[in-house]
Amino acid sequence: MLSLASAIFFNNMTPTLSYTFMHGFGCDASFWTHLTSSFSFPYTIWDRGYYGSVCTECIESTVRIGVGHSLGLIHLLESDIHFDIYIGLQAFVDFIGTYKERKTQLDIMKRQLHRDTMQTLYAFCTRSSLPPPQEVVNITQLYSDYEKLYLTYYELIQDKQIYIYSTDDDDVVPYYLIQENFPSIPIYKAPHAKHALGYLQSEYTVKLLESFGHTLSRTL
């Protein structure tokens with residue numbers, strides 16, 4: 001039996017549209033458990049491998065939709081896999097933006113991560129309403145991904161079809177930062193979910209993503 005991280009779910013017919021889900025920093029494939037338990041389209045779940053195996057499998061389909069939570073959008077954009085549509089949930093391409101205090105906060109958490117990785121991850125996940133971390137097995141990958149928060153990725157969104165969803169109660173990737181990151185892309189407000197849209201508010205997110213899928217399927 002395939003693990004959650006590498007599981008691929010197919011309809012009875014060859015899919016023409018598929019989804020790929022990518023979690024954010026400190027999480028794994030279990031971030032999407034609530035959502036995919038009632039999801040009707042073919043999908044894969046990618047995993048950065050902080051707590052287990054890396055997964056970057058993808059379904060062959062006519063249209064591919066990539067759904068990235070937080071840092072997960074950047075992982076999708078950096079991938080060699082082409083996605084026809086990118087959907088960012090509380091996502092960004094410049095975590096610091098023009099706000100110097102955010103770099104200060106990053107620096108503080110970086111020192112805490114190196115001093116006590118598990119305690120820092122647990123505190124971050126608890127504050128953000130994310131699923132709790134497991135025992136880290138790939139600390140190099142975890143630290144490498146944290147360094148991405150210091151960089152900017154504006155060039156990756158050029159000529160991409162992107163939809164961005166935010167919440168008003170997210171203090172990790174607040175609405176004002178998302179507005180600054182995506183000035184020419186519509187930003188849609190989702191129900192309150194701290195920094196865990198997709199894990200919390202899963203029913204809302206399923207309806208949102210399946211609406212995309214059904215609309216696109218009618219054009220194929």
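1. Points about the state of the cysteines
For the coordinates displayed, the defined rule picks out zero disulfides. In this structure Cys 55 is a free cysteine whose sulfur lies 9.6 Å from that of Cys 58, the closest cysteine sulfur available. Cys 55 sits in the buried class, given a relative accessible area of 5%. According to the relative accessible area criterion, Cys 58 is partly exposed, its value standing at 21%.

2. What to know about the packing of helix α3 (residues 100–115) against helix α4 (residues 117–128)
Look at α3 against α4: their axes get within 5 Å of each other, and the N-to-C directions meet at 135°. By the criterion of interaxial angle, the relationship of α3 to α4 is oblique. Together, Met 109, Gln 112, Leu 113 and Arg 115 of α3 and Thr 117, Thr 120, Leu 121 and Phe 124 of α4 make up the contact between the two elements. Residue composition of the contact of α3 with α4, by class: four nonpolar, three polar and one charged.

3. Some details on the side chain of Asn 181
You can see Asn 181 is positioned in helix α6 (residues 175–181). A distance of 2.8 Å separates a polar side-chain atom of Asn 181 from the backbone nitrogen of Asp 94. Not counting residues up to four positions away in its chain, the partners in contact with Asn 181 are Phe 92, Val 93, Asp 94, Tyr 154 and Ile 157.

4. Some words on the pairing of strand β5 (residues 85–89)
Burial analysis of β5 places five of its five residues in the buried class, the great majority of the element. Direction of pairing for strand β4 (residues 63–69) relative to β5: parallel, over a ladder of five bridges. Each residue of the ladder has a partner; that of Gly 68, found in β5, is Gly 88. For the segment spanning β4, helix α2 (residues 72–78) and β5, crossover handedness is right-handed. Pairing between β5 and strand β6 (residues 162–166): four bridges, direction parallel. Across the sheet, the residue bridging to Gly 88 is Ile 164, located in β6.

5. Side note on helix α7 (residues 202–217)
Look at α7: 22 Å from first C-alpha to last across 16 residues, which is about the 22 Å you get at 1.5 Å a residue. Every buried residue of α7 is listed here: Ser 202, Thr 205, Val 206, Leu 208, Leu 209, Glu 210, Phe 212 and Gly 213. Where α7 is buried, its residues meet β2 (17–22), α1 (33–36), β4, β5 and β6.

6. Details of the environment of Tyr 154
If you trace the backbone, Tyr 154 turns up in the loop between α5 (139–147) and β6. Under the relative-accessibility criterion, Tyr 154 is labelled partly exposed at 28%. In the structure, Tyr 154 is positioned 80 residues away from Ile 74 in sequence and 9.9 Å away in space, judged by C-alpha atoms.

7. Quick notes on the pattern of salt bridges
Evaluated as defined, the whole model comprises eight salt bridges. With a shortest N-O distance of 2.9 Å, Lys 189 and Asp 168 are connected by a salt bridge. Of the two residues, Lys 189 sits in strand β7 (residues 187–189) while Asp 168 sits in the loop between β6 and α6, which places them 21 residues apart along the sequence. Judged by its relative accessible area of 42%, Lys 189 is partly exposed. Where Lys 207 meets Glu 203, a salt bridge forms, and the shortest distance between an N and an O atom there is 3.5 Å. Separated by four residues within a single helix, Lys 207 and Glu 203 lie in helix α7, roughly one turn from each other. Each member of the pair, Lys 207 as well as Glu 203, is classed as exposed.

Conventions used here
- Residues numbered from 1 in each chain as written.
- Predicted model: local features only at pLDDT ≥ 70, side-chain atom pairs only at ≥ 80, totals over all residues.
- Heavy atoms only, no water.
- Disulfide = S-S within 2.5 Å.
- Buried < 20%, exposed > 50% of the residue type's maximum accessible area, 1.4 Å probe, protein only.
- Axes fitted to C-alpha atoms, helices over the stretch in contact; angles between N-to-C directions.
- Helix = DSSP H or I, 4+ residues; strand = E, 2+ residues; numbered from the N terminus.
- Parallel < 35°, antiparallel > 145°, perpendicular 65-115°, else oblique.
- Contact = heavy atoms within 4.5 Å.
- Nonpolar A, V, L, I, M, F, W, Y, C, P; charged D, E, K, R; others polar.
- Polar contact = N/O pair within 3.5 Å; in protein donor to acceptor, adjacent residues only side chain to side chain.
- Pairing = 2+ DSSP bridges.
- Right-handed = clockwise from strand over helix to strand, strands pointing away.
- Expected span 1.5 Å × (residues − 1).
- Salt bridge = Lys/Arg side-chain N within 4 Å of Asp/Glu carboxyl O.

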